[in-house]
Amino acid sequence: MTGASTGRPTAFIGFGEAAAAFAQGWGAETCKGVAAYDRKLDDPAQAPALRARAEGFGVACGDHAGVLGGAGAVFSLVTADEAGKAAEAAAPVIAPGALWLDGNSVAPETKARAADVLAAAGVDYVDMAIMAPVHPKLHKVPLLVSGPGAARALPLLDSLGMEARLIDDRVGSASSIKMIRSVMIKGMEALFAECLLSARRAGVEDEVLASLQGSNPEIDWPARGAYNLERMMVHGPRRAAEMREVAKTVAALGLTPGLSAATADWQARVGALGLDAGEGDLIARLDAVLAAL
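Let me begin by describing the structure that accompanies this report. Not measured: the values here are computed from a predicted model.

### What to know about the environment of Pro 237
Okay, step 1: Tracing the backbone through its elements, the reader meets Pro 237 in helix 10 (residues 221–252).
Okay, step 2: With relative accessibility at 46%, the residue Pro 237 sits in the partly exposed group.
Okay, step 3: The spacing of Pro 237 and Leu 273 is 36 residues in sequence and 9.9 Å in space, taken between C-alpha atoms.
Okay, step 4: In this structure Pro 237 touches Gln 267, Gly 271 and Ala 272, once residues within four positions along its chain are discounted.

Below, the structure is given as structure tokens:
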């Protein structure tokens, strides 16, 4: 797949859950010519599995300079704490005129710094916000785009069958929406964890769940609790990194990010346990977390 208006291939920096979901959704035919670089490729212990995973979707793996030097459009899909470093590392080797689609969950200030670094290298920066889990929608997950390269990126995203909506030409518009929304979404996960773990340890979980169900009967509280806990168990470290960026966003607006900071703590604590969420129900997951805390 060639990058928009460049005639050069599309590439990934970072080949984790989001990149793999995009590639899976695009299909092998579209992925012909798509290249990927991930830091794990530099680790002999991790490289074979990652290479096999990428190549299974039709994506070729390469070295950092080679992938970036030949790319016309680059999807940056690393962890929140690596997003700025990825832009800085790309600047000396990326091809001028390329599009940089920054889909990382970071604060507007973090994206603005990355945009400045890449603009100096002649790159068109796109603030891209992924607005829902990539599964099960894959490449059809809703996207918001803003920044100087956003309008130019829309034809590429459309050709890939992706669902993108243009906000404006300012870096930070799309990411502000994403970050501020996460106060609620990730915050609710932390609230579920603190409430239901406490209830289970106190031996009153049935009564607490019944009370919650009576107050808000439109919510399936056990199912929602099981899902929210699974997200923290599997993705807690990544979500904690995002919530630290959310806290920066709130603080930059002159507000106190107390809830965002506490959410980051809960996400990190549960994620650090390294538990397999499995197919368990709410009680099984609560017991697994409590046993490991």
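Next comes the rest of the write-up.
### Overview of the pattern of salt bridges
Okay, step 1: On inspection of all chains with the given rule, the structure shows 14 salt bridges.
Okay, step 2: Between Lys 32 and Glu 29 there is a salt bridge, and its shortest N-O distance comes to 3.2 Å. In this pair, the class of Lys 32 matches that of Glu 29, namely exposed.
Okay, step 3: A salt bridge links Arg 231 to Glu 230; the nearest nitrogen and oxygen atoms lie 3.9 Å apart.
Okay, step 4: Judged by its relative accessible area of 10%, Arg 231 is buried.
Okay, step 5: With a relative accessible area of 18%, Glu 230 lands in the buried category.
Okay, step 6: In the salt-bridge network here, residues are joined through shared partners; they are Arg 39, Glu 82 and Lys 85.

### Considering the sheet that holds strand 7 (residues 142–146)
Okay, step 1: With respect to topology, 8 strands assemble into an open sheet ordered 3-2-1-4-5-6-7-8, the strand pairing being mixed. The open sheet is flanked by strand 3 (60–61) and strand 8 (163–166), the only strands paired with a single partner.
Okay, step 2: Where strand 4 (residues 73–76) meets strand 5 (residues 99–102), 4 bridges bridge the pair, whose relative direction is parallel. Following the sheet pairing, Ala 73 is matched in strand 5 by Leu 99.
Okay, step 3: Its contacts with the sheet place helix 1 (residues 17–26) against strand 1 (10–13), strand 4, strand 6 (124–130) and strand 7, and it is angled at close to 155° to strand 1.
Okay, step 4: Along the sheet face, helix 8 (residues 173–202) touches strand 6 and strand 7 and points at about 20° away from the line of strand 6.

Rules used throughout
- Residues numbered from 1 in each chain as written.
- Predicted model: local features only at pLDDT ≥ 70, side-chain atom pairs only at ≥ 80, totals over all residues.
- Heavy atoms only, no water.
- Helix = DSSP H or I, 4+ residues; strand = E, 2+ residues; numbered from the N terminus.
- Buried < 20%, exposed > 50% of the residue type's maximum accessible area, 1.4 Å probe, protein only.
- Contact = heavy atoms within 4.5 Å.
- Salt bridge = Lys/Arg side-chain N within 4 Å of Asp/Glu carboxyl O.
- Pairing = 2+ DSSP bridges.
- Axes fitted to C-alpha atoms, helices over the stretch in contact; angles between N-to-C directions.

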